[in-house]
Each structure stands twice: as structure tokens, then as C-alpha cells.
Amino acid sequence: MKTALITGANRGIGYEVARQLGGKGFHVFLGARDAQNGPAAAERLQENGAIATFVSLDVTDAQSITDAVHTVAGVADHLDVLVNNAGILLDEDVAIARLGIDTVNKVLRTNTLGPLLVTQAFLPLLSRSRAPRVVNVSSGGGQLSGGMDTWAPAYCLSKTALNAVTSLFAAALPNISINCACPGWVRTDMGGAGATRSVEEGADTVVWLATDAPVELTGQFLRDRKPIPW
């Protein structure tokens, strides 16, 4: 059976990715730091026929990451897909000239270093898959092409750095398909009710990269299943 771990999977895009992968026959591991909503999310998927397991995972905590590896390894002997989805937005209305270093550190720790450390930790399990894939959920806000957006500078910076992490891993690990995806502006707790895309639309490229995209596709930044400028 194919297996997938999705971080930040108790709600929003992460939960939708888990739901869709569960519907495709994956054993989905829902990584979340919320000890109440995480198990509840896994139970909802189970009620709908999916094989789902909650994994306590705080991507900012090294011990939590190590424990999560042991949890997954205790159930499955390999990992086919890792989706680094967990992310935070703390500075939506703060200009770069007034941005505090504590905010920058918190956002980078979750949005950039989290995926870096989680990917490193799960490489042994990924290496046991016949066709391992890593998908990092990024954002168009991190694009350097055409000039960066001035909205949420710490968040945008973290996604630019995540894109670099993606590119570095892809170059170093040619036997693993490693890409990042921009889901667009999605109606989630982070995106808000006025966003232009549903969670189903936001999850589409992520799920495609995790399942049906060519295995030789790696080191790319994609939206709507197509490469976009860095």
C-alpha cells in the first residue's frame, strides 16, 4: 500500500490533500501539533473509508520530528510521499521596514526550516519507496521574478527560502521527485473567506505531484500543474 505523510493536515489544504490521497488508496499519516483536532481529522477520514493515522508533529521541534519518524516507521516500512504543508502567517499587515526579528524567526522556523528538517528526517523511509516524492507547499508570494510582493514580508521571505530548499534537495537527490507548488489564494483560515479558490482547487497540483505527475519531474515550482517562474 502506498503511504503519505502530510504536515499541518488537520485543516485547510493539508486536510484536503490527505482526503484526496486517502480516496486514492493511500495510507495517509496526518501530521499535526494539535492534539485534539489532529486525531479528530483522522477519524473523519476513517469514517469516509480512508486508512488514516494521526501523527503528533510540531515541525519546529526536533524531538517531535524524531518521534514522528518513529511513529510512521512503527506502522509502515516505507514512505512514498511527503507533503510539507504546515505553515504560518504572522505579518499580513506589517511592512518590511517595521518587521520584527522575532516574527521573522518564527515564520522561517515553521515555513522553511520545518520542511528542511522534516525532509531530512524522513529520507530513510522515503528511500525505501520505489518512486518517492516530496511536495513542498509554497506560495507565489515567494517569487523573485518580476519583483517580490510587499504583502506579508516574513511569509514571502520564508516561501522564497522554501523554494531554494526545494531546488537544493532536488539537485542533491536525483532519485526522489522533489517539487514545490503554489496553491493560489485559497479559502482557508489563512486565506480568508474572500479568497478566489476552493480548497479542492488549492490541493489539486499538490495531489497531482504526489501521484500522477511524471516521476522525472523534479526541482520545479508549479501552479495549476504547470511550471511558473521562480
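Attention here is on the structure that accompanies the text. None of these values were measured; they are calculated from a predicted model.

## Focus: helix α4 (residues 101-126)
The periodicity of an α-helix, 3.6 residues per turn, causes residues three or four places apart in sequence to face the same way.
Stage number 1. Its axis deflected by about 45° at L113, α4 carries its strongest bend there, up to four residues before the proline P115.
Stage number 2. Considering only its buried residues, α4 is in contact with β1 (3-7), α3 (62-73), β4 (81-84), β5 (133-137) and α5 (153-172).

## Considering the sheet that holds strand β7 (residues 221-223)
Stage number 1. Taking strand neighbours across the sheet as the criterion, the eight strands line up as β3-β2-β1-β4-β5-β6-β7-β8 in an open arrangement whose pairing is mixed. Every interior strand has two partners, whereas the edge strands, β3 (51-56) and β8 (226-227), have only one.
Stage number 2. Where α3 meets the sheet, it contacts β2 (27-32) and β3, and its direction lies at approximately 155° from that of β3.

## A short note on the nonpolar core
Stage number 1. I6, V17, L21 and L30 are the most contacted members of the largest nonpolar core, which totals 32 residues.
Stage number 2. Contributing elements (two or more residues each) for this core: β1, α1 (12-23), β2, α2 (37-47), β4, β5 and α6 (199-211).
Stage number 3. Among the elements that take part in this core, α6 stands out by supplying seven residues, more than any other.
Stage number 4. Not counting chain neighbours up to four residues away, the residues in contact with I6 comprise G14, V17, A18, L21, V28, F29, L30, G31, V83 and N85.
Stage number 5. Judged by nonpolar contacts, the second largest core, of 23 residues, contains V55, I65, A76 and I178.

## Observations regarding α3
Stage number 1. Taking 1.5 Å of rise per residue, 12 residues should cover 16 Å, and α3 covers 17 Å from first to last C-alpha, within 8% of that figure.
Stage number 2. Within α3, burial applies to S64, I65, A68, V69 and V72. Mapping the buried residues of α3 onto a view down its axis gives an arc of 145°, with all of them on the same face.
Stage number 3. Contact partners of the buried residues in α3: β2, β3 and α4.
Stage number 4. Between the side-chain oxygen at the start of α3 and the backbone nitrogen of Q63 there is a gap of 3.1 Å, and the oxygen is on D61.

## Structural notes on the pattern of salt bridges
Stage number 1. Summed over all chains, the structure comprises three salt bridges.
Stage number 2. The partner of R225 in a salt bridge is D204, with the nearest N and O atoms 2.9 Å apart. With R225 in the loop between β7 and β8 and D204 in helix α6, the pair connects residues that are 21 residues apart, well separated along the chain.

## Looking at the pairing of β1
Stage number 1. Counted residue by residue, β1 has five buried out of five residues, so it is predominantly covered.
Stage number 2. Neither face of β1 is open: one carries T3, L5 and T7, the other A4 and I6, and all of them are buried.
Stage number 3. Bridging between β1 and β2 involves five bridges; their strand directions are parallel. Residue pairing across strands places L5 opposite F29, the latter belonging to β2.
Stage number 4. For the crossover from β1 across α1 to β2, the handedness is right-handed.
Stage number 5. Sheet topology note: the β1/β4 ladder contains three bridges and is parallel. Bridge pairing in β4 links L5 to L82.

Reading guide: rules and limits
Residues numbered from 1 in each chain as written. Predicted model: local features only at pLDDT ≥ 70, side-chain atom pairs only at ≥ 80, totals over all residues. Heavy atoms only, no water. Bend = angle between axes of the 7 residues up to and from the residue. Helix = DSSP H or I, 4+ residues; strand = E, 2+ residues; numbered from the N terminus. Contact = heavy atoms within 4.5 Å. Pairing = 2+ DSSP bridges. Axes fitted to C-alpha atoms, helices over the stretch in contact; angles between N-to-C directions. Core = buried A, V, L, I, M, F, W, Y, C linked by side-chain atoms within 4.5 Å. Buried < 20%, exposed > 50% of the residue type's maximum accessible area, 1.4 Å probe, protein only. Expected span 1.5 Å × (residues − 1). Arc of directions from axis to C-beta. Polar contact = N/O pair within 3.5 Å; in protein donor to acceptor, adjacent residues only side chain to side chain. Salt bridge = Lys/Arg side-chain N within 4 Å of Asp/Glu carboxyl O. Right-handed = clockwise from strand over helix to strand, strands pointing away.

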